[in-house]
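Examination of the molecular architecture
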Amino acid sequence: GSKDSVGGDMVSIFLEISESQVIVMKWNPKIEQLEIIKDEDEHNRYVEGVRRFDFDPFLGPYPLEQHSLWKSLTVFIDHDLLQKLNPDSLWIHADSIDNRAKERDMEKVDELMQQDPTPNSSKRREKQNDGDLIMETETTTTTSTSETTDDTKYTSENSPHFTFIPQRDPKDTQKAHTHALLDKTSILYLLEKAGKPEEIWGIPLLGELQFSFICFWLGQSFLGFQQWKNILSVVCQSEQAIYTHPEFYTRFLKVFFEQLRQVPDTFFKDLEGESFLSYVLESFFELVDDHRASIRLQTEAMKLRQ
């Protein structure tokens, strides 16, 4: 990561490097950021130097003790998913909005997440999502309609291409929409199509959950934090899916458990996110305790409770 010259924010990049591949970047002191070298001759000189081990005396050892941890945090992020989610610029910015806008938006998100899932509260939730909080599918831009300036907008080239998480299935009737406030399975099925073999069902969604977690935990990206919460909200409140896709939920619990192990107890409290986690986990555990849930899933859930 680096700090840009304007806002002093961390900038990160998520790369996949294959065996024998060399990626050459050079530090630009003007913008205080690494840039990929475009000059082919200069690039090739560095590549040849790497393959002759010219730079090895100046390198530090790879922290092998962290390798297994990194694998567990990224196990479902493959090449195709990374190509889909990475920003156009490849750079993930920690704060593309100012701190006041961040606090304002976070309060709105948490207010929505904490509402009781009843028909009356659903009307308020729809209004707030349509009026105050905007999430665009392609640019994943999140802004507040009040007091919005250019400084509070996420630039599309630096924004991860997160999957849009709808509040409801647009094909739902009003009755089905009311039911979806209690059971988000229809939304989950919009994100992951039915019919896939159980051994691969939901893998891309778990990969995006891991990518968004890394974006906010290591890259300090507010967008990553929001997407992580959005995915958790759907996954933990999809009642029918919990009973029909136990393999997916067993994988999910392992991913989620590993993520929670990385953060201190005060982290989510500081981010105003503790109440959200309490809400979705309470809903999830209540569903898992049902006799329709698989024994294996109940066993994995017990580990998370502890």
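Counting from 1, residues in each chain are numbered in the order their sequence is written. With the structure being a predicted model, the display of local features is reserved for residues of pLDDT at least 70 and the display and counting of side-chain atom pairs for 80 or more, all residues being used for whole-chain, interface and lining totals. By convention in this description, side-chain values take in all heavy atoms of the structure and omit both hydrogens and water.

Here the aromatic set is Phe, Tyr and Trp, taking the six-membered ring for Trp, and pairing holds for ring centres within 6.5 Å; pairs whose planes are under 30 degrees apart are stacked, those over 60 apart are edge-to-face, and all others are tilted. By the definition in use, this model includes 18 aromatic pairs. Centre to centre, the rings of Phe-248 and Tyr-249 are 5.0 Å apart; their planes meet at 85°, and the pair counts as edge-to-face. Categorising residues by exposure relies on relative accessible area from a 1.4 Å probe, with only protein chains included: less than 20% of the type maximum marks a residue as buried, more than 50% marks it as exposed, and the intermediate range marks it as partly exposed. On the basis of relative accessibility, which here comes to 0%, the residue Phe-248 falls in the buried class. According to the relative accessible area criterion, Tyr-249 is buried, its value standing at 0%. The interplanar angle of 75° and the centroid separation of 5.9 Å between the aromatic rings of Phe-252 and Phe-284 together place this pair among those described as edge-to-face. With a gap of 32 residues between them, Phe-252 in helix 11 (residues 246-262) and Phe-284 in helix 13 (residues 274-288) connect regions that are remote in the sequence. Here the two residues Phe-252 and Phe-284 agree in accessibility, since each one is buried. Each residue in the set Tyr-189, Trp-201, Phe-213, Phe-216, Phe-225, Trp-228, Phe-248, Tyr-249, Phe-252, Phe-256, Phe-284 and Phe-285 is aromatic and connected to the rest through ring pairs, giving one cluster. The helix count covers DSSP runs of H or I at least four residues long, the strand count covers runs of E at least two residues long, and both are numbered beginning at the N terminus.

Attention shifts here to the pairing of strand 3 (residues 25-28). Looking along a regular strand, one sees side chains alternate from face to face of the sheet. When DSSP finds at least two bridges between two strands, those strands are taken to pair. Here strand 3 runs beside strand 4 (residues 33-36); their pairing, made up of four bridges, is antiparallel. In the strand pairing of strand 4, Lys-26 is matched with Glu-35.

The interhelical angle for the contact between helix 9 (residues 222-236) and helix 11, taken along N-to-C directions, is 140°, at an axis separation of 12 Å. In the packing of helix 9 onto helix 11, the handedness of the crossing is left-handed. Facing Trp-228, Leu-232, Val-235 and Cys-236 of helix 9, the residues of helix 11 in contact are Phe-248, Tyr-249, Phe-252, Phe-256 and Gln-259. Of the residues that constitute the contact of helix 9 with helix 11, the class distribution is eight nonpolar, one polar and no charged. For helices, the axis comes from a line fit to the C-alpha atoms of the stretch in contact; other axes are also lines fit to C-alpha atoms, and the angle between any two N-to-C directions lies between 0 and 180 degrees. Crossing handedness is defined as follows: a turn of the near helix away from the far one that is anticlockwise and smaller than a right angle gives a left-handed crossing, while the clockwise case is right-handed. Throughout, a residue-residue contact means that at least one pair of heavy atoms, one from each residue, lies within 4.5 Å. Residues are grouped as follows: Ala, Val, Leu, Ile, Met, Phe, Trp, Tyr, Cys and Pro are nonpolar; Asp, Glu, Lys and Arg are charged; all remaining types, including Gly, are polar.

Attention now goes to a nonpolar patch on the surface. Patch rule: a residue counts if its relative accessible area is over 30% and it has no salt bridge; like charges are joined within 9 Å, and nonpolar side chains (Val, Leu, Ile, Met, Phe, Trp, Tyr) within 5 Å. For the accessible areas, the method is Shrake-Rupley and the probe is 1.4 Å, while residue cover comes only from the protein chains on display. Only one rule defines a salt bridge in this text: a Lys or Arg side-chain nitrogen within 4 Å of an Asp or Glu carboxyl oxygen. Residues Tyr-46, Val-50, Phe-55, Phe-58 and Leu-59 make up a contiguous nonpolar surface patch of roughly 500 Å² in combined accessible area. Within the fold, Val-50 resides in helix 1 (residues 40-51). Judged by relative accessible area, Val-50 falls into the partly exposed class, the value being 35%.

With the rule as written, the count across this model stands at nine salt bridges. In this structure, Lys-303 and Glu-300 form a salt bridge, with 3.5 Å as the shortest nitrogen-oxygen distance. Placement of both Lys-303 and Glu-300 in helix 14 (residues 295-305) is noted, with a separation of three residues, approximately one turn of the helix. Classification of Glu-300 as buried rests on a relative accessible area of 14%. Overlapping salt bridges, with partners in common, bring together Glu-239, Asp-290 and Arg-292 in one network.

Attention now moves to the environment of Ile-92. Turning to its location among the elements, Ile-92 is positioned in strand 5 (residues 91-93). For the pair Ile-92 and Phe-216, spaced 124 residues apart in the sequence, the C-alpha separation amounts to 9.7 Å. Sequence-distant contacts of Ile-92, defined by excluding residues within four places in its chain, comprise Met-10, Val-11, Ser-12, Asn-86, Pro-87, Asn-158, Phe-211, Cys-215 and Ser-221.

Attention shifts here to the confidence of the model for the protein chain. The predictor rates its confidence in each residue with pLDDT, a number between 0 and 100. Residues at a pLDDT of 70 or more form 69% of the protein chain, whose mean pLDDT is 75. Long-range and interchain partners of residues 2-7, a stretch whose pLDDT sits below 50, account for 17 contacts in this model, where long-range means more than four residues apart. This model gives residues 96-154 a pLDDT under 50, and the stretch forms 106 contacts once residues within four places in sequence are excluded.

So, on to the nonpolar core. For our purposes a nonpolar core is just a set of buried Ala, Val, Leu, Ile, Met, Phe, Trp, Tyr and Cys residues, chained together by side-chain atoms within 4.5 Å. Formed by 43 residues in total, the largest nonpolar core has its most connected members in Trp-228, Tyr-249, Phe-252 and Phe-284. At nine residues, the largest contribution of residues to this core is made by helix 13. Each residue touching Tyr-249, except ones within four places of it in the same chain, is listed here: Leu-188, Val-235, Ser-238, Ala-241, Ile-242, Phe-284 and Leu-297. Listed in part, the 11 residues of the second largest apolar core include Leu-85, Ile-214, Cys-215 and Leu-223.

Residues that lie three or four places apart on an α-helix share one face, since the helix turns once every 3.6 residues. Multiplying 1.5 Å by the residue count of a helix minus one yields the expected span of that helix. Its 15 residues give helix 9 an end-to-end C-alpha distance of 21 Å, which sits within 8% of 21 Å, the value for a rise of 1.5 Å per residue. Within helix 9, 15 of the 15 residues are buried, which leaves it mostly tucked inside the rest of the structure.

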